[in-house]
Every structure is written in C-alpha cells, then in structure tokens.
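Observations on the model geometry
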Amino acid sequence: MTVERERDDRTLIIRMHRPHKRNAIDAEMTAGLDAALNDFEDDPGLWVAVLTGTETVFSAGTDLSAGSGGRTERGGEYGVIRRRMGKPLIAAVEGNALGGGMELVLACDLVVAGRTAAFGLPESRRGVIATCGGLFRTRRALPLNVAKELLLTGDSLSAERAYQLGFVNAVAEAGQAEQSARELAARICRNAPVSVRESLTALERLNSADDEQAWQVTEAAMAATLSSRDTAEGVAAFLERREPRWSGE
C-alpha cells in the first residue's frame, strides 16, 4: 500500500509511502491519494487533513518510468491538484518536495517543513515543464522573481528561505514536521468548522479566479514542450542517469 491513513480525532493523516522510489507518484499512489481525500471530504467528522511523506522525503513527483496515471474525477492530477475542498489540507514536508512533489505542496492550504526540507521545480533539467499547477501557483505563493528562479534554474529553496518568503507557515526540527502539522491542525479544529470552511472557500475563489486561463496557458506550454527533441532527451538522460545533451529543438 503506497498511501497510508491515520485518524487523529478530527484530523486525517495521509502518508505517501513508497520510499524505495522517493515517493514518486505512480498510478497506484494517485488512486490512493484520491480515495483518501474523497473520504476526507465526505466524512463530516473530519475537519483537517495532513499530507506527508516519510521521515526522509516528501515526494520526487511523477514516476517518470511508470507515469502517475490519469486525472481523477474529483482531484485531477495525483488525485489532489485540481481538487476544491472546503476543509484545510496541510502539507508536512521532510526532505525533498521536488517537481510534482512541490506541486502537491502548492495545492495545499498550509505548509509545515522540517528544517532539512527543500522545495524545487527541476523540470527544466529534464527537458519538461511543471504541468500540475507549478507555472502559475508558484508565482502566487512566492515573489515573481523567486518563482522565475525556481522554474528557470531548477534550484531548490531551503525550508528557512521558504519560511522567510512566506511560503512555509512553520519550520520544525528535522523529523518533527508531522507533529507540528498535527498541532496546527488541532488549533484549526478548535474553531467553528463552518467559519473555517467559508473563509477557506472565499479565499480560494478569490485567489484562483483565473485558474481556467492558467490551465490553458499551461497546456499550451506543455504541448510545445512535449513535441521537442529536448523532452525525449531529458527523460532518457534521467532514466539512464547521465547528463543530457540538449539540442535546443
């Protein structure tokens, strides 16, 4: 089982558990995340969810050798990316959240990071682009020049820098991100769930009013990239564990 669940009073802990693949997302994990979040949404006794990985890695994103499966009906990519919830979803990040892993974090409402966590969008190093919201959610969550830095260099943000930029809500000691996220969830659960739901829904509507256009722009960029020779070369180089030989075509 690549997705594990634990109920803690009114909080649902959802753990990605595919450590031998750095929690890379395949079709099974997508289905597991989708099912867990569907149940979370449908259970009136659950008010907050925490999405986390293992103690050493959050997620390396899409499994490039197996693929992540298709979009799910309620959640879209990974069962998470296009989901509209009226309940808070907290990311608890240890280790790397890269590529689609970073895009999972961007789809969450709040972020708690262990001190050794790192966030990045290294798609340009593979000859591809961020297709699961990274192109537009990064510039909402971070200053524009920092968003450009991540997307153009493929470099990562440390937990401390991400906190200073307002992307991370709290930094915990290494190994304590999940516990810190549980405490944050408990603080939310002290409040009226209707107030939390309506506040979150209003903020999301205002913040994502241009999502339809943003997805269209992303799909156009994806189509242009996937037709290039560099995409095939980048993926092949990654799977063969060698440096890519870019042609610019």
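Residues numbered from 1 in each chain as written. Predicted model: local features only at pLDDT ≥ 70, side-chain atom pairs only at ≥ 80, totals over all residues. Heavy atoms only, no water.

**Looking at the pairing of strand β1 (residues 3-8)**
We count it as follows: Whether two strands pair depends on DSSP finding at least two bridges between them. Per the convention used, a helix needs a DSSP run of H or I reaching at least four residues, while a strand needs a run of E reaching at least two, with both numbered from the N terminus.
Both β1 and strand β2 (residues 11-16) contribute to a ladder of 6 bridges, which runs antiparallel. Bridging from a neighbouring strand, Asp8 pairs with Thr11 of β2. Counted between consecutive antiparallel strands, the loop separating β1 from β2 contains 2 residues, among which Asp9 sits at a positive phi close to 60 degrees.

**Points about the nonpolar core**
The test is simple: Only buried residues count toward a nonpolar core, which is a set of Ala, Val, Leu, Ile, Met, Phe, Trp, Tyr and Cys residues joined through side-chain atoms within 4.5 Å. For every residue, the accessible area obtained with a 1.4 Å probe (protein chains only) is divided by the maximum for its type, and the residue is called buried under 20%, exposed over 50%, and partly exposed between those limits. Whether two residues touch is decided by their heavy atoms; if any such pair falls within 4.5 Å, the residues are in contact.
With 45 residues, the main nonpolar core has Ile14, Val93, Val105, Phe119 and Phe167 as its most contacted residues. Contact partners of Phe167, with chain neighbours within four places excluded, come to Met102, Val105, Leu106, Val111, Phe119, Ala141, Leu142 and Ala162. Core analysis: the second largest hydrophobic core is formed by 13 residues, Val48, Val50, Ala177 and Leu184 among them.

**Some points on the sheet that holds strand β7 (residues 110-114)**
In plain terms, the rule: In this analysis, axes come from line fits to C-alpha atoms, helices being fitted only over the stretch in contact, and the angle between any two N-to-C directions falls in the range 0 to 180 degrees.
The mixed open sheet is built from 6 strands, whose spatial order is β1-β2-β3-β5-β7-β10. Each having just a single partner strand, β1 and β10 (170-172) make up the two edges of the open sheet. Adjacent strand axes in the sheet meet at a mean angle of 20 degrees, parallel and antiparallel pairs treated alike. With respect to the sheet, helix α1 (residues 27-42) is in contact with β1, β2, β3 (48-52) and β5 (89-93), its orientation differing from that of β2 by roughly 180 degrees.

**Considering the pairing of β7**
Buried residues dominate β7, accounting for 4 of its 5 residues. Strand direction decides the pairing type here: β5 and β7, joined by 4 bridges, are parallel. Within the sheet, the bridge partner assigned to Ala91 lies in β7 and is Val111. For β7 and β10, the ladder comprises 3 bridges, and the chain directions are parallel. Paired with Val112 across the strands is Ala170, a residue of β10.

**Looking at the layout of surface pockets**
What counts, and what does not: Here a cavity is any set of points on a 1 Å grid over the protein atoms alone where a 1.4 Å probe fits but cannot get out, and a pocket is any open set with protein on both sides within 12 Å along at least 5 of 7 lines; a residue lines the site when it has an atom within 4 Å of a point. Grid points are joined across faces, edges and corners, and a volume is the space filled by probe spheres set on the points. Here the term charged refers only to Asp, Glu, Lys and Arg, the term nonpolar to Ala, Val, Leu, Ile, Met, Phe, Trp, Tyr, Cys and Pro, and the term polar to all other amino acids, Gly among them.
In this structure, the largest pocket spans a volume of roughly 990 Å³. Every residue lining the largest pocket is counted, 40 residues in all, and those nearest its centre are Ala60, Gly61, Thr62, Asp63 and Leu64. Those elements that provide at least two residues to the lining of the largest pocket are α2 (100-106), α8 (211-226) and α9 (229-240). Counting residues per element, the lining of the largest pocket draws most heavily on α8, which supplies 6 residues. When its residues are assigned to classes, the lining of the largest pocket shows 16 nonpolar, 13 polar and 11 charged. Estimated volume of the second largest pocket: approximately 770 Å³. Residue lining of the second largest pocket: 30 residues in total, with Leu106, Cys108, Asp109, Glu204 and Asn207 positioned closest to the centre. Broken down by element, the residue count for the lining of the second largest pocket peaks at 7 residues, all from helix α7 (residues 193-207). Each residue belonging to the lining of the second largest pocket can be placed in one class, and the counts come to 17 nonpolar, 6 polar and 7 charged.

**Quick look at the packing of helix α3 (residues 134-141) against helix α4 (residues 144-153)**
Two measures define how a pair of helices packs: the angle their axes make with one another and the distance between the axes. Stated formally: For classification, angles of less than 35 degrees are called roughly parallel, those exceeding 145 degrees roughly antiparallel, those between 65 and 115 degrees roughly perpendicular, and all remaining angles oblique. Less than a right angle of anticlockwise turn of the near helix away from the far helix marks a crossing as left-handed, whereas a clockwise turn marks it as right-handed.
Running from N to C, α3 and α4 point in directions that differ by 140 degrees, and their axes come no closer than 7 Å. On the basis of the axis angle, α3 is oblique to α4. You can see that α3 and α4 cross each other, and the crossing is right-handed. Packed against α3, whose contacting residues are Gly134, Leu135, Thr138 and Arg139, the element α4 presents Leu144, Ala147, Leu150 and Leu151 at the interface. Here the residues of the contact of α3 with α4 sort into 5 nonpolar, 2 polar and 1 charged.

**Notes on unusual backbone geometry**
In this model, Tyr78 sits at a positive phi of 60 degrees, which is unusual for a non-glycine residue. Relative to the helices and strands, Tyr78 is located in the loop between β4 (57-59) and β5. Even without being a glycine, Arg241 presents a positive backbone phi close to 55 degrees. Checked against the element boundaries, Arg241 lands in the segment after α9.

**Here's the deal with the sheet that holds strand β8 (residues 118-120)**
Here we have 4 strands laid out as an open sheet, ordered β4-β6-β8-β9, and mixed in their pairing. Bordering the open sheet on either side are β4 and β9 (156-158), each of which pairs with just one other strand. Put simply, the sheet's adjacent strands are angled 15 degrees from each other on average, direction ignored. Strand direction decides the pairing type here: strand β6 (residues 96-98) and β8, joined by 3 bridges, are parallel.

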